[in-house]
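# Coordinates in review
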Amino acid sequence: MEVKPVDHVVWKPSVALVVAGVSAAGFSLLALAVVSHGVWLQRVDEAISEAAHDFALGHPGWLGAMRAITVTGSTAVLGPATVFMCAVLVQRRMRRHALFAAVATLATLILRLILLGVIARPRPVDRLAAAGSWSFPSGHSTASATFAVVLALVCRRRWVTVGAGTWAVMVGVSRVALVVHWPSDVLGAWLFVLTVVPVVGVVVDGLYRPVNSAVRQSVLRPAGEPGTAPGGDGADDL
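Let us look at the structure shown here. (Residues numbered from 1 in each chain as written. Predicted model: local features only at pLDDT ≥ 70, side-chain atom pairs only at ≥ 80, totals over all residues. Heavy atoms only, no water.)

Let's shift gears to the layout of surface pockets. Within this model, the largest pocket holds a volume of roughly 440 Å³. Along the wall of the largest pocket there are 21 residues; nearest its centre are Thr-75, Leu-78, Thr-105, Leu-109 and Ala-143. Elements with a minimum of two residues in the lining of the largest pocket: helix 4 (75-91), helix 5 (95-119) and helix 6 (139-155). With 7 residues, helix 5 is the largest single contributor of residues to the lining of the largest pocket. A class-by-class count of the residues in the lining of the largest pocket yields 9 nonpolar, 11 polar and 1 charged. Ala-148, Val-149, Ala-152, Thr-161 and Leu-194 are the residues nearest the centre of the second largest pocket, which is lined by 15 residues in total. For the lining of the second largest pocket, the secondary structure elements donating two or more residues are helix 6, helix 7 (158-177) and helix 8 (183-220). Class assignment for the residues of the lining of the second largest pocket results in 12 nonpolar, 2 polar and 1 charged. (1 Å grid on protein atoms, 1.4 Å probe; cavity = no way out; pocket = protein on both sides within 12 Å on 5 of 7 lines; lining within 4 Å. Points joined across faces, edges and corners; volume = space filled by probe spheres on them. Helix = DSSP H or I, 4+ residues; strand = E, 2+ residues; numbered from the N terminus. Nonpolar A, V, L, I, M, F, W, Y, C, P; charged D, E, K, R; others polar.)

Structure (structure tokens):
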């Protein structure tokens with residue numbers, strides 16, 4: 001995993017909060033339309049889902065590809081992948097980035113489950129793959145988007161960003177293609193992730209550096225000797 005040293009695990013705090021704010025506004029409007037059973041949203045969702053259903057049944061190759069892609073967005077795949085990513089970051093002494101990855105993953109998982117139960121939106125009826133629980137926001141789309149955004153922010157390589165983003169989009173497309181989620185479920189998942197992950201990054205940046213600095217000073221400073229611990233923030237504060 002290639003990594004560039006950066007001052008923040010996400011964008012600059014001002015940029016991150018703007019991204020989170022805009023995404024939160026979009027997610028709130030979409031969730032309101034879902035809860036209020038907005039006619040326009042239902043029509044769009046139903047039209048796209050019906051077209052996706054008919055296309056998949058008429059193209060077995062496409063259906064098989066979508067089933068294969070959707071598996072990569074499951075917890076069974078992304079759980080171990082996230083643990084591995086965090087382990088690599090810790091091994092590289094990038095503990096702040098590892099903390100960011102872990103907290104962002106757990107935050108999106110827990111908050112999504114809360115939203116899932118509160119909104120309680122039924123899934124489409126004519127599903128082409130097994131699926132349970134409520135529908136909004138999409139779980140596979142949330143998990144894959146979270147992993148992709150975290151990986152892109154940690155690696156800071158254009159090819160990683162493009163590759164991870166393309167994969168996350170395809171996972172979202174597969175959920176619609178298999179008619180296990182409404183299109184707005186997937187859109188809601190992406191907006192949700194772009195709301196939560198930047199905020200987690202800003203919080204981790206804000207809390208980790210002073211805490212880490214204080215710990216380093218207490219450990220490295222000789223007893224009774226004033227001053228700052230040598231070595232600055234160290235590799236752990238990339």
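Our focus in this paragraph is the packing of helix 4 against helix 5. For the pair helix 4 and helix 5, the least separation of the axes is 7 Å and the interaxial angle reads 160°. Considering the angle they form, helix 4 stands roughly antiparallel to helix 5. The handedness of the crossing between helix 4 and helix 5 is left-handed. Every residue of helix 5 that contacts helix 4 at Thr-82, Met-85, Cys-86, Leu-89 and Val-90 is listed here: Arg-95, His-97, Ala-98, Ala-101, Ala-102 and Thr-105. Among the residues making up the contact of helix 4 with helix 5, the classes are represented as 7 nonpolar, 3 polar and 1 charged. (Axes fitted to C-alpha atoms, helices over the stretch in contact; angles between N-to-C directions. Parallel < 35°, antiparallel > 145°, perpendicular 65-115°, else oblique. Left-handed = near helix turned anticlockwise from the far one by under 90°. Contact = heavy atoms within 4.5 Å.)

Here we take up the nonpolar core. Grouped together as the largest cluster of nonpolar side chains are 38 residues, with contacts concentrated most on Met-85, Phe-100, Phe-136, Val-150, Leu-151, Val-197 and Val-200. Within the residue set of this core, elements represented by two or more residues are helix 1 (13-35), helix 4, helix 5, helix 6, helix 7 and helix 8. Sequence-distant contacts of Val-150, defined by excluding residues within four places in its chain, comprise Met-85, Phe-100, Ala-101, Ala-104 and Val-197. By size, the runner-up hydrophobic cluster in this structure holds 8 residues, among which are Leu-128, Ala-177, Val-179 and Val-180. (Core = buried A, V, L, I, M, F, W, Y, C linked by side-chain atoms within 4.5 Å. Buried < 20%, exposed > 50% of the residue type's maximum accessible area, 1.4 Å probe, protein only.)

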